[in-house]
Amino acid sequence: MADRPKNNPDSSSNALLTTVDATSSRFEKNMRAMADLVTRMHNEEEQIRQGGGPKAIDSQHNKGRLTARERIALLLDPGTQLFELGGYAAWGMYEEWGGAPAAGVVTGLGRIHERLFMLIVNDATVKAGAFFPMTAKKVIRAQNIALENRIPTIYLVDSAGVFLPLQEDVFPDTDDFGRVFRNNAVMSAKGIPQIAAIMGMCVAGGGYLPVMCDNVLMTEGSGLFLAGPALVQAAIGQQYSAEELGGAKMHAAISGTVDFREPNDEACIVRIRSLVEKMGTRRQSRFDRRKPEPPKFATEEIYGIYEANAARPYDMKEVIARIVDGSRFDEYKAEYGKTLICGYARIGGFAVGIVANQKTHVQQVDEAGRKRMEFGGVIYTESAEKTARFIMDCNQNLVPLVFLHDVNGFMVGRDAEWSGIIKAGAKMVNAVSNSVVPKIAIIVGGSFGAGHYAMCGKAYDPRFMFAWPTARYAVMGGDQAAGTLVEIKIKQLERGGKKLSEDEKRELFQSVKQTYDQQTDPRYGAARLWIDKIIDPLETRTAIIQALEAAALNPEVAEFKVGVLQT
């Protein structure tokens, strides 16, 4: 562990103080528990990166083609890596079809000639790159990120088209296959550069994706057609080879569809990099950035600070101290509404506003001078009102917002209702909803009920949504949900004349809780793209910086209006 910096009377008054005892047994136990979770996550990610497995990889190589991840490695600047998004997409889904690791497409942010790009790359080792329902949603999510942040995008196309057994869930809706091409057109109209390289099959409706991009490349041996040779013969009786019908030479010399014909994957990637190197730059960000400075406290101590046991409070300021530049934090209304921490800092040199749930229990004094203990992770009236005002201030001053979730929900009960908790919560939700500066959300622990919404949940348009492996994401916690559902079930059975024994009640409770806990697991949410990326807690600062760099590519900030606020 790093040595603690000594208190310096000349140091900034906003420096966060740390009281972590890195030698305590509790700290060490937390370290081990988090390390085990992260190790499991890395092992799962490695399994996902295998795509369709060794045989499918060999098949791709035998065609003279690289795999999706090999193509990405060649495309990116040497010494850099893809910041992968949606890696857990389709995790545990489509098992009856043999699964679809990463939904058969790799997406993420990477640098080419130092410029940030969104990459969308079909993985032909997974069912020939066919589009499952989650494949379409994952591509659309990547495009939406590119749209909102004005990120130039590169598509490496190698796909057999729609996975026909599931076509009804891929084809018709607003977040299905057709939306991909609509987004191509909208991105182009907004001046977001798009390059597409056909590096394998590109058939049926999927053929529109590359052709609607600004530049189209195609490798020898690839195919681009609305209908392949077999379908053409069946439909109109004509017999043509794949090359005659839609090969690279035909599209380069006869149809004029492709801009560059390349002999192989390697040459195609060299050409893409050459095109990128000649792109112009656009307006710079309106968000303030200075020279980055690392935190003063050791990042790895986050493992020991975080308490997965909801019954054990921890100080979220200790986590913040290991994320922000120089461990400096200007806390806003520090003595008021203490269960929500608000304040200004820099992360990677970017000025940010931080909204975080405080997990320690704090004492608050009301307007009548009465003292009360407030529970960590719960949003009270004062906390909600403070945060609503802070969010408005950040929008006024063009400061991006970072939300750190570990929230049980809003306070309930007579005193809370009399204090106007619903009115205060509505004010906070209003401010979050209408916020126009970039918002980045990280689910650290629990993110339950309306607290999830108020802390900029997925429905409130965060530019990026990340989660730690410890995240839990649901209407309420597993114990409460199981208790409620079991109570309802017992009453239903009793009305039917059946009375359960205590053992049967316990068995029912455990069964319901197990199902509920499975659905609150961050992998469940990431599989369905509710979460963009599950991150190692030590990666929190890096993930935020990556998100801010992406958001900074879009200099346009709408006028901030909140509408009617309840007062």
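For the structure, check the block above.
Described below are features of the structure shown in this document. The shown structure was predicted, so the numbers you read here are calculated from the model rather than taken from an experiment.

For helix α1 (residues 25-49), built from 25 residues, the straight-helix expectation of 36 Å at 1.5 Å per residue is met to within 8% by its first-to-last C-alpha distance of 36 Å. Those residues of α1 that sit buried are Phe27, Asn30, Met31, Met34, Val38, Met41, Glu44, Glu45 and Ile48. Packing partners of the buried residues in α1 comprise α3 (68-75), α11 (302-305), α19 (522-527) and β20 (533-534).

For α3, the full list of buried residues reads Ala68, Arg71, Ile72 and Leu75. When α3 is viewed along its axis, its buried side chains cluster within an angular range of 100 degrees and face the same direction. Here the buried face of α3 lies against α2 (54-62), β2 (105-112), β3 (115-122), β4 (153-159), β5 (194-203) and α10 (265-277).

Summed over the entire model, instances satisfying the criterion amount to 16 aromatic pairs. For the pair Phe83 and Phe466, a centre-to-centre distance of 5.9 Å together with 85 degrees between the ring planes defines the contact as edge-to-face. One end of the pair, Phe83, is in strand β1 (residues 83-85); the other, Phe466, is in strand β18 (residues 464-467), with 383 residues separating them in the sequence. Across the pair, Phe466 and Phe83 agree in class, each one buried. Taking the centre distance of 4.2 Å and the plane angle of 20 degrees together, the rings of Phe132 and Phe163 count as stacked. With Phe132 in the loop between β3 and α4 (133-149) and Phe163 in the loop between β4 and α5 (177-189), this pair connects stretches of sequence that are 31 residues apart. Between Arg528 and the ring centre of Tyr524, over which it is positioned, the NZ or CZ distance is 3.6 Å. Above the face of the Phe83 ring, Lys533 is positioned so that its terminal group lies 5.0 Å from the ring centre.

On to the packing of α4 against α5, then. One way to put it is that α4 packs onto α5 with a least axis distance of 9 Å and a crossing angle of 20 degrees. In terms of orientation, α4 lies roughly parallel with respect to α5. The crossing of α4 and α5 is left-handed. Each of Ala136, Val139, Ile140, Gln143, Asn144, Ala146 and Leu147 in α4 lies in contact with α5, whose residues at this interface are Phe177, Arg179, Val180, Asn183, Asn184, Val186 and Met187. Its residues assigned to classes, the contact of α4 with α5 shows 9 nonpolar, 4 polar and 1 charged.

Here we take up empty space enclosed by the protein. Enumeration according to the criterion identifies 4 cavities of 30 Å³ or more in this entry. Approximately 130 Å³ is the volume attributed to the largest cavity. Lining the largest cavity are 16 residues, with Asn122, Phe131, Val157, Ser159 and Leu209 positioned closest to its centre. Of all the secondary-structure elements, those providing two or more residues to the lining of the largest cavity are β3, β4, α5 and β5. In terms of residue count, β4 provides more of the lining of the largest cavity than any other element does, 4 residues in total. If you go around the second largest cavity, the residues you meet are Leu85, Gly86, Thr107, Gly108, Met118, Lys138, Arg141, Ala142, Ile145, Leu529 and Asp532. The set of elements that each furnish at least two residues to the lining of the second largest cavity consists of β2 and α4. Counting residues per element, the lining of the second largest cavity draws most heavily on α4, at 4 residues.

Turning to the nonpolar core, a few remarks are in order. Formed by 113 residues in total, the largest nonpolar core has its most connected members in Ile320, Ile354, Ile442 and Phe466. The leading source of residues in this core is α4, at 7 residues. Leave out the neighbours within four places in its chain, and Ile442 touches Val402, Phe403, Leu404, His405, Phe466, Trp468, Ile535 and Ile544. Core analysis: the second largest hydrophobic core is formed by 19 residues, Ala68, Leu75, Leu119 and Val121 among them.

What counts and what doesn't
- Residues numbered from 1 in each chain as written.
- Predicted model: local features only at pLDDT ≥ 70, side-chain atom pairs only at ≥ 80, totals over all residues.
- Heavy atoms only, no water.
- Helix = DSSP H or I, 4+ residues; strand = E, 2+ residues; numbered from the N terminus.
- Expected span 1.5 Å × (residues − 1).
- Buried < 20%, exposed > 50% of the residue type's maximum accessible area, 1.4 Å probe, protein only.
- Contact = heavy atoms within 4.5 Å.
- Arc of directions from axis to C-beta.
- Phe/Tyr/Trp six-rings, centres within 6.5 Å; stacked < 30°, edge-to-face > 60°.
- Lys NZ or Arg CZ within 6 Å of the ring centre and 35° of its normal.
- Axes fitted to C-alpha atoms, helices over the stretch in contact; angles between N-to-C directions.
- Parallel < 35°, antiparallel > 145°, perpendicular 65-115°, else oblique.
- Left-handed = near helix turned anticlockwise from the far one by under 90°.
- Nonpolar A, V, L, I, M, F, W, Y, C, P; charged D, E, K, R; others polar.
- 1 Å grid on protein atoms, 1.4 Å probe; cavity = no way out; pocket = protein on both sides within 12 Å on 5 of 7 lines; lining within 4 Å.
- Points joined across faces, edges and corners; volume = space filled by probe spheres on them.
- Core = buried A, V, L, I, M, F, W, Y, C linked by side-chain atoms within 4.5 Å.

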